[in-house]
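Chains, contacts and geometry: an overview
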Amino acid sequence: MSTETLQLFVGEFRHKLDAKNRLTIPSDWRFEADGRSVYLAIPNPKGCISVYPPAMVQKLLEAASQPNLSAPAKQRALMMLGRLSSKVSCDKAGRISIDARLLAHAGISSEAVLVGEFSKFHIWSAEKLASEDAASAPLEEVFSALAELGL
């Protein structure tokens, strides 16, 4: 993948939801404002919203398109994921509309914290993120895990 098309989600940003549950995406993270670039917002078990970019959505779609008639557990998982997820697209002002169910899942009512995770990003309530940070591994453990990954 060339660096011109590489989309990298890093950093932390705080933004307020507007009255229509729209959230401004940082300019470095924005995607095409033509409605054709589809990102997928999924409730994360940690209590935030995970947002996956088009390349990851394409991989998910390809995997979900494989015949799996003999795997009812996979079918149920895909059905639940599809039911709980929401498509998001940037408007010309760089905002995405967040589904009310996802906002409720994440406990977001006004301010949201967007946190990069390299290939995707998460949307947190400030309170849940503070709680997650308190339970996180020390930085030394993070670098140790990166070393185990060969990085």
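Residues numbered from 1 in each chain as written. Predicted model: local features only at pLDDT ≥ 70, side-chain atom pairs only at ≥ 80, totals over all residues. Heavy atoms only, no water.

Focus on the packing of aromatic side chains
Tallied over the full model, the rule gives four aromatic pairs. Centre to centre, the rings of Phe9 and Trp29 are 5.6 Å apart; their planes meet at 80 degrees, and the pair counts as edge-to-face. Placement of the pair is Phe9 in the segment before strand S1 (12-16) and Trp29 in the loop between strand S2 (22-24) and strand S3 (39-43), with a sequence separation of 20 residues. Grouping residues by exposure puts Phe9 and Trp29 together as buried. Considering the side-chain rings of Phe9 and Phe121, the 5.3 Å spacing of their centres and the 45 degrees angle between planes classify their relative orientation as tilted. Of the two residues, Phe9 sits in the segment before S1 while Phe121 sits in strand S8 (residues 121-124), which places them 112 residues apart along the sequence. The same class applies to Phe9 and to Phe121, which are both buried. (Phe/Tyr/Trp six-rings, centres within 6.5 Å; stacked < 30°, edge-to-face > 60°. Helix = DSSP H or I, 4+ residues; strand = E, 2+ residues; numbered from the N terminus. Buried < 20%, exposed > 50% of the residue type's maximum accessible area, 1.4 Å probe, protein only.)

Focus: the sheet that holds S1
Read from one edge to the other, the open sheet built from six strands follows the order S1-S7-S8-S4-S3-S5, with strand pairing classed as antiparallel. Edge positions in the sheet fall to S1 and strand S5 (86-88), since each of these pairs with one other strand and no more. Neighbour to neighbour, the strand axes of the sheet diverge by 25 degrees on average, direction disregarded. In this structure, S3 lies alongside S5, joined through three bridges in antiparallel fashion. If you follow Leu40 over to S5, its bridge partner there is Lys87. Of the strands in this sheet, S3 and strand S4 (49-52) are in contact with helix H1 (residues 54-64), which crosses S3 at around 75 degrees. (Pairing = 2+ DSSP bridges. Axes fitted to C-alpha atoms, helices over the stretch in contact; angles between N-to-C directions. Contact = heavy atoms within 4.5 Å.)

What to know about the pattern of salt bridges
Enumeration over the complete set of coordinates arrives at eight salt bridges. Residues Arg22 and Asp18 are paired through a salt bridge, measuring 2.6 Å at the closest nitrogen-oxygen approach. The exposure class assigned to Asp18 is partly exposed, which follows from its relative accessible area of 25%. A salt bridge links Asp99 to Arg101; the nearest nitrogen and oxygen atoms lie 3.1 Å apart. Note on Asp99: relative accessible area 25%, which makes it partly exposed. Via salt bridges that share partners, Asp18, Arg22, Asp91 and Arg95 belong to a single interconnected network. (Salt bridge = Lys/Arg side-chain N within 4 Å of Asp/Glu carboxyl O.)

Some remarks on the side chain of Ser125
Inspection of the secondary structure assignment puts Ser125 in the loop between S8 and helix H4 (126-135). When near neighbours in sequence (up to four residues on either side) are disregarded, Ser125 contacts Ala106, Gly107, Ile108 and Glu111.

Considerations on the environment of Lys87
As for its position among the elements, Lys87 is in strand S5. Separated by 50 residues in sequence, Lys87 and Ser37 have C-alpha atoms that sit 9.7 Å apart. Not counting the four nearest positions on each side in its chain, Lys87 is found in contact with Val38, Tyr39 and Leu40.

A short note on the UniProt feature "domain: SpoVT-AbrB" (unreviewed entry) in the protein
The feature "domain: SpoVT-AbrB" (unreviewed entry), as given by UniProt, occupies residues 12-56 and 85-128 in the numbering adopted here. In residues 85-128, helix accounts for 23% and strand for 36%; the two terminal C-alpha atoms are 20 Å from one another. (UniProt positions renumbered as here; feature names shortened; annotations may be inferred.)

Topic: the nonpolar core
Residues Ile49, Ile96, Phe121 and Ile123 are the most contacted members of the largest nonpolar core, which totals 22 residues. Per-element tally for this core: the top contributor is helix H3 (residues 100-106), with three residues. With sequence-adjacent residues up to four places away left out, Phe121 is seen in contact with Phe9, Ile25, Trp29, Tyr39, Ile49, Ser50, Val51, Leu114, Val115 and Gly116. Judged by nonpolar contacts, the second largest core, of five residues, contains Cys48, Val113, Val115 and Trp124. (Core = buried A, V, L, I, M, F, W, Y, C linked by side-chain atoms within 4.5 Å.)

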